[in-house]
Amino acid sequence: MTVPLVIVGCGGHGREILTIARAVNATIGRPRWQLLGFVDDRPSEVNLKRVQRLDVPYLGGTTWLAEAPPDTHHVVGVGDPRIRRAVADRVDRYGVAAASLVHPDATLGPDLRHGPGLVAFAGTRVTTNVTVGRHVHLNQNCTVGHDCVLADHVSVNPLASISGECRLDEGVLVGTNAAVLQGLRVGRDSTVGAGACVVRDVPEGVVVKGVPAR
Ligand SMILES: CC(C)(COP(=O)(O)OP(=O)(O)OC[C@H]1O[C@@H](n2cnc3c(N)ncnc32)[C@H](O)[C@@H]1OP(=O)(O)O)[C@@H](O)C(=O)NCCC(=O)NCCS
């Protein structure tokens, strides 16, 4: 079945997600995703030009979704977890379902449980008994170990490594190439800086960085 897809956000992250949809289509040899285009309430001129080069139309602001064709799905192409949450909440009012996109070169454990809007980029590795919420984005070459729970709107950036039995609360960002050691919890809306190594629980609403992360 071919599913019409709209990407919310013309920025780099949204355009990277387009490449996932295209990779899925190319791998299965038929159009699983019919790319209707991008919506964005405040696209920059430079990003509109970049979208144009990808041969996918810019459809307009998010209100475009109010008149979307039946069965249209959307994916929120915003990298920052808290901005993604705000955009997802705005888009929810149009009743357009959220798609989950998994690059063919991602490996997800067969017992993964996930909410709508999951995006798994190329090289993502998720092992066993992992639970992820809504609009969770797993970026290129990140790993998520056994028995982890990632709440809604979490982002794991490229090359970051989440060890087994961790819990990342709602809106957490784990920066590029960071590590969270086994069994630890990162509190709601906290940020783990790029390259950090988290060695103890992180409270909510803070930024930690460095090795060990402080
Ligand atoms: C940690 C982080 C959130 C801090 O952001 P910020 O508050 O804007 O910090 P600033 O850039 O103003 O830097 C503040 C200080 O922290 C240092 N710093 C910034 N990021 C750091 C990091 N990841 N590790 C160690 N030190 C860092 C800066 O050198 C600066 O030090 P100084 O005060 O001695 O000059 C951010 O740098 C980061 O790592 N975010 C992750 C983003 C990511 O993964 N990007 C990739 C997207 S694919």
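Basis of the calculations
Throughout this document, residue positions are counted from 1 along each chain, in the order its sequence is written. Only residues with pLDDT of at least 70 get local features here, since the model is predicted, and only at 80 or more are side-chain atom pairs given and counted; chain-wide, interface and lining totals rely on the full set of residues. Processing note: side-chain calculations cover all non-hydrogen atoms of the structure and skip hydrogens and water entirely. Secondary structure elements are defined from DSSP: runs of H or I of at least 4 residues count as helices, runs of E of at least 2 residues count as strands, and each element is numbered from the N terminus. Both definitions apply: the radius of gyration is a C-alpha atom measure, and the globule rule equals 2.2 Å times residues to the power 0.38. The buried label goes to any residue with under 20% of its type's maximum accessible area, the exposed label to any with over 50%, and the partly exposed label to all in between, with areas taken from a 1.4 Å probe on protein chains only. Any two residues whose heavy atoms approach within 4.5 Å at even a single point are treated as in contact. Surface accessibility follows the Shrake-Rupley procedure with a 1.4 Å probe radius. Residue values consider only the protein chains on display as shielding. Pairing of aromatic rings covers Phe, Tyr and Trp, the last counted by its six-membered ring, and requires centre-to-centre distances within 6.5 Å; plane angles under 30 degrees mean stacked, over 60 mean edge-to-face, and any other angle means tilted. Geometrically, a charge over a ring is one whose NZ (Lys) or CZ (Arg) sits within 6 Å of the ring centre while staying within 35 degrees of the ring normal. Two strands qualify as a pair provided that DSSP identifies no fewer than 2 bridges between them. Nine residue types can take part in a nonpolar core, namely buried Ala, Val, Leu, Ile, Met, Phe, Trp, Tyr and Cys, and a core is a set of them joined through side-chain atoms within 4.5 Å.

A. Fine view of the overall build of the chain. Broken down by element type, the chain carries 3 helices and 23 strands. For 214 residues, the compact-globule estimate of 2.2 N^0.38 gives 17 Å, and the chain sits close to it at 17 Å. Principal axes of the C-alpha set define a box for the chain whose edges measure 45 × 35 × 30 Å. Taken over 214 residues, the chain has a buried fraction of 50%. Taking all contacts inside the chain whose residues are at least 6 apart in sequence as the whole, residues at least 24 apart take part in 33%. For the chain, the accessible surface area stands at approximately 9,500 Å², while carbon and sulfur atoms represent 52% of it.

B. Summary view of the packing of aromatic side chains. Within the structure shown, the criterion is met by 0 aromatic pairs. The ring of W33 has R32 sitting right over it, with the charged end atom 4.6 Å from the ring centre.

C. Structural context of the sheet that holds strand β16 (residues 161-162). If you trace the 6 strands from one edge of the open sheet to the other, you get β7-β10-β13-β16-β19-β22, paired in parallel fashion. Both outer strands of the open sheet, β7 (107-108) and β22 (197-198), are each paired with one neighbouring strand and no more. Examined bridge by bridge, strand β19 (residues 179-180) and β22 share 2 bridges and lie parallel to one another. Its bridge partner being in β22, A179 is matched across the sheet by C197.

D. How the structure looks around the nonpolar core. With 29 residues, the main nonpolar core has L138, L150, V156, I162, L168 and V174 as its most contacted residues. Judged by nonpolar contacts, the second largest core, of 18 residues, contains V24, W33, V56 and L101.

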